[in-house]
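Secondary and tertiary structure notes
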Amino acid sequence: MDLSVEQIRNFRLYSHHLDKEYQKSDVVSLVGACGMQNSPPGAWETALYNRIPQCGLSEMEDMLHKDKLLLQAWSFRGAPVVFPVCESDAFLSSLIPEGNEPWIYTKGIGLGLEVLQMTLDELLCTLKQVMPRLDDTVIVSKTTLDQTLAQWMLPLLPGEKQELWNQPSMYGNPDKQTVGGAVVSFLLRPCAFNGLVVFGEREGISPSFTSYKGWTGNTLSLEEESGKKIVRKFLHCYGPATVDSFVSWLGCSGQQGRRMWKSISEETEPVTVFGKKAFILSEDRERLFSPESCRRDLVLLGGHDPYLDQRDRCILQPDKSLHKQIWRLVTNPGAVVYRGEVIGIWTSKKKGRGMEISMTLWKDIYEEKKLLNLAERYADFRQERIISVEIK
């Protein structure tokens, strides 16, 4: 059961819906495959464009804000993620830990807990008491959300803690954030997993926030299959994989990741990749071992496209010395992907007259006309005029 790099790339292009151009009617299955990260803002739009090039920005905004077919909330790794409303349990409530498992994205709260001499559970319980006020409220900007919720919590805290709560934050921006606001910021992820806060419609450059009930009109459910759904999604999009890669992708503790992974053990089977054991969904075996021709050889992916979120990065680019150019500490460049391999990077800059695009290739594929066409189409999607395209 040995799998080659070419077989894995072919399968992942298919499972990430990058093997051909899809239709607008496919949007739920495409966005729901493994969710689409929206950090930096607009990343999810580029990801969807690369799967449905005929879908414009205004149509995407309608799906998210008007029709509410899609939803944005903090999800895996604590990142803002866009996913279908109908799959909210997989992307939100499945992430709620059990027993002594820690919450995702709350490791940094320790300094605030030490100052307040309170536990995470105590503060989360207090925050949950005031969160229902978001059902009828929309708050604009993340900073305002943190500080508003902190003020709502203040009267419920013990008297001796209230002065500490209002002290300047120790995490940075003490002129804009208090200790309470910083603590709330970390606790917003657990609140999101419980459906207590989601992103609303963006107002200018600022995001807005309300509750899941306030946005969808329904309460978030937690089903027995919820946890299994997110593991299946991961394995279908990133298999063959290991439990460690699942833990890394989800951003959870090893304890939580192993529990969730084990829940679908009867649906998986081992294969060998680079001489090491990994796992696939049994239902994916036939497609994995029988690659099919892709209708698209070349795509320009955004820097945070789900396809680039693979934990085994050598599948995407065997030369490890190039990894730091693709995956950076802050904002990643776009990736030039040829038959599943990242063969270069690209960036775009908005100028007064339009957009400039620059590409750096590590492999000559003699497809300059295709690259120019892809650049022009992307600029059209972003409603910009192309000024220049540089290919190095």
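Attention in this report is confined to the structure presented alongside it.

The rules behind each value
Residues numbered from 1 in each chain as written. Predicted model: local features only at pLDDT ≥ 70, side-chain atom pairs only at ≥ 80, totals over all residues. Heavy atoms only, no water. Helix = DSSP H or I, 4+ residues; strand = E, 2+ residues; numbered from the N terminus. Buried < 20%, exposed > 50% of the residue type's maximum accessible area, 1.4 Å probe, protein only. Areas by Shrake-Rupley, 256 points an atom, 1.4 Å probe, with all protein chains shown as cover. Lys, Arg positive; Asp, Glu negative; His and termini not counted. Charge placed at Lys NZ, Arg CZ, Asp CG, Glu CD. Salt bridge = Lys/Arg side-chain N within 4 Å of Asp/Glu carboxyl O. Pairing = 2+ DSSP bridges. Axes fitted to C-alpha atoms, helices over the stretch in contact; angles between N-to-C directions. Contact = heavy atoms within 4.5 Å. Expected span 1.5 Å × (residues − 1). Core = buried A, V, L, I, M, F, W, Y, C linked by side-chain atoms within 4.5 Å. Right-handed = clockwise from strand over helix to strand, strands pointing away. Phe/Tyr/Trp six-rings, centres within 6.5 Å; stacked < 30°, edge-to-face > 60°.

1. Here's the deal with the overall build of the protein chain
Secondary structure assignment for the protein chain yields 17 helices and 13 strands. When its C-alpha atoms are laid out on the principal axes, the protein chain stretches across 70 × 55 × 40 Å. Burial status across the protein chain gives 54% buried among its 392 residues. Summed over its atoms, the accessible surface of the protein chain is roughly 18100 Å², and 48% of this surface lies on carbon and sulfur atoms. A distance of 4 Å separates the average location of the 47 positive side-chain charges in the protein chain from that of its 50 negative side-chain charges.

2. Some thoughts on the pattern of salt bridges
Pairs may arise between side chains of opposite charge once their charged atoms sit close together. Going through the model one piece at a time under the given rule, you end up with 21 salt bridges. Residues Lys-229 and Asp-89 are paired through a salt bridge, measuring 3.0 Å at the closest nitrogen-oxygen approach. On the criterion of sequence distance, the pair formed by Lys-229 in helix α12 (residues 226-238) and Asp-89 in helix α5 (residues 88-91) is long-range, its members being 140 residues apart. For Asp-89, a relative accessible area of 4% gives the class buried. Three or more residues are tied together by salt bridges with common partners; here these are Glu-225, Lys-228, Arg-232 and Glu-267.

3. Things to note about the sheet that holds strand β12 (residues 354-361)
Neighbouring strands of a sheet are bound in pairs by backbone hydrogen bonds; such pairs are parallel or else antiparallel. Reading across from one edge, β9-β10-β11-β12-β13 is the order of the five strands in this open sheet, with mixed pairing throughout. The sheet terminates laterally at β9 (298-301) and β13 (386-391), the two strands that pair on one side only. The average angle at which neighbouring strand axes cross in this sheet is 20°, direction not considered. In the sheet, strand β10 (residues 334-338) pairs with strand β11 (residues 341-351) via five bridges, with the strands oriented antiparallel. If you follow Val-336 over to β11, its bridge partner there is Gly-344. Along the sheet, helix α17 (residues 368-381) makes contact with β9, β10, β11, β12 and β13, crossing β13 at roughly 145°.

4. Some words on helix α8 (residues 142-153)
The terminal C-alpha atoms of α8 lie 17 Å apart, and with 12 residues this matches the ideal 16 Å at 1.5 Å per residue to within 8%. Those residues of α8 not exposed but buried are Leu-145, Asp-146, Gln-147, Leu-149, Ala-150, Trp-152 and Met-153. Buried residues along α8 sit in contact with β2 (70-74), α7 (120-130), β4 (139-140), α9 (159-165), α10 (179-193) and β6 (208-210).

5. Some details on unusual backbone geometry
Ser-39 connects to Pro-40 through a cis peptide bond whose omega is 5°. Structurally, Pro-40 can be placed in the loop between β1 (36-37) and α3 (43-49). Pro-240 follows Gly-239 through a cis peptide bond whose omega is 0°. Following the sequence through the fold, Pro-240 ends up in the loop between α12 and α13 (243-250). Backbone geometry at Lys-68 places phi at a positive 55°, although glycine is not the residue there. Along the polypeptide, Lys-68 turns up in the loop between α4 (57-66) and β2. The phi dihedral of Arg-77 falls on the positive side, at around 60°, and the residue is not glycine. Inspection of the secondary structure puts Arg-77 in the loop between β2 and β3 (80-84). Among the residues examined, Arg-77 registers a relative accessible area of 22% and is labelled partly exposed.

6. With respect to the nonpolar core
General note: in soluble globular proteins, nonpolar side chains tend to be found buried as a group. Grouped together as the largest cluster of nonpolar side chains are 69 residues, with contacts concentrated most on Leu-123, Leu-145, Trp-165, Val-197, Trp-249 and Leu-250. Here this core takes nine residues from α10, the largest share from any one element. Once residues lying within four places of it in the same chain are set aside, the contact partners of Trp-165 are Leu-116, Leu-123, Ala-150, Met-153, Leu-154, Leu-157, Thr-178, Val-179, Gly-180, Val-183 and Val-184. With 33 residues, the next largest nonpolar core counts Met-60, Leu-300, Val-336 and Leu-371 among its residues.

7. Section: the pairing of β12
On a regular strand, each side chain points to the face opposite its neighbour's, so the side chains alternate between the two faces of the sheet. Two strands pair when backbone bridges link them, and β11 and β12 are joined in this way by eight bridges, in the antiparallel orientation. Bridging across to β12, Gly-344 finds its partner in Leu-361. One ladder, built from five bridges, connects β12 with β13; its direction is parallel. Counted as the bridge partner of Glu-356 is Ser-388 from β13. As for the winding sense of the linkage, the β-α-β connection from β12 through α17 to β13 is right-handed.

8. A few points about the sheet that holds strand β5 (residues 198-199)
Here three strands make up an open sheet; going across it, the order is β4-β6-β5 and the pairing antiparallel. Either end of the sheet is taken by a strand with one partner, and the two such strands are β4 and β5.

9. Focus on the environment of Lys-392
Mapped onto the elements of the fold, Lys-392 is located in the segment after β13. A residue is classified by how much of its surface remains accessible, and Lys-392, at 54% relative accessible area, is exposed. The contacts of Lys-392, once residues within four sequence positions are left out, are Ser-358, Met-359, Thr-360 and Leu-361.

10. Quick word on the packing of aromatic side chains
Counted according to the given criterion, the structure contains 19 aromatic pairs. Residues Phe-83 and Phe-91 carry aromatic rings whose centres are separated by 5.1 Å and whose planes lie at 15° to one another, so their mutual orientation is stacked. Look at Phe-91 and you get buried, because its relative accessible area is 0%. Ring-pair connections join several aromatic residues into one group, and the members of that group are Phe-76, Phe-234, Tyr-238, Phe-246, Trp-249, Trp-261 and Phe-279.

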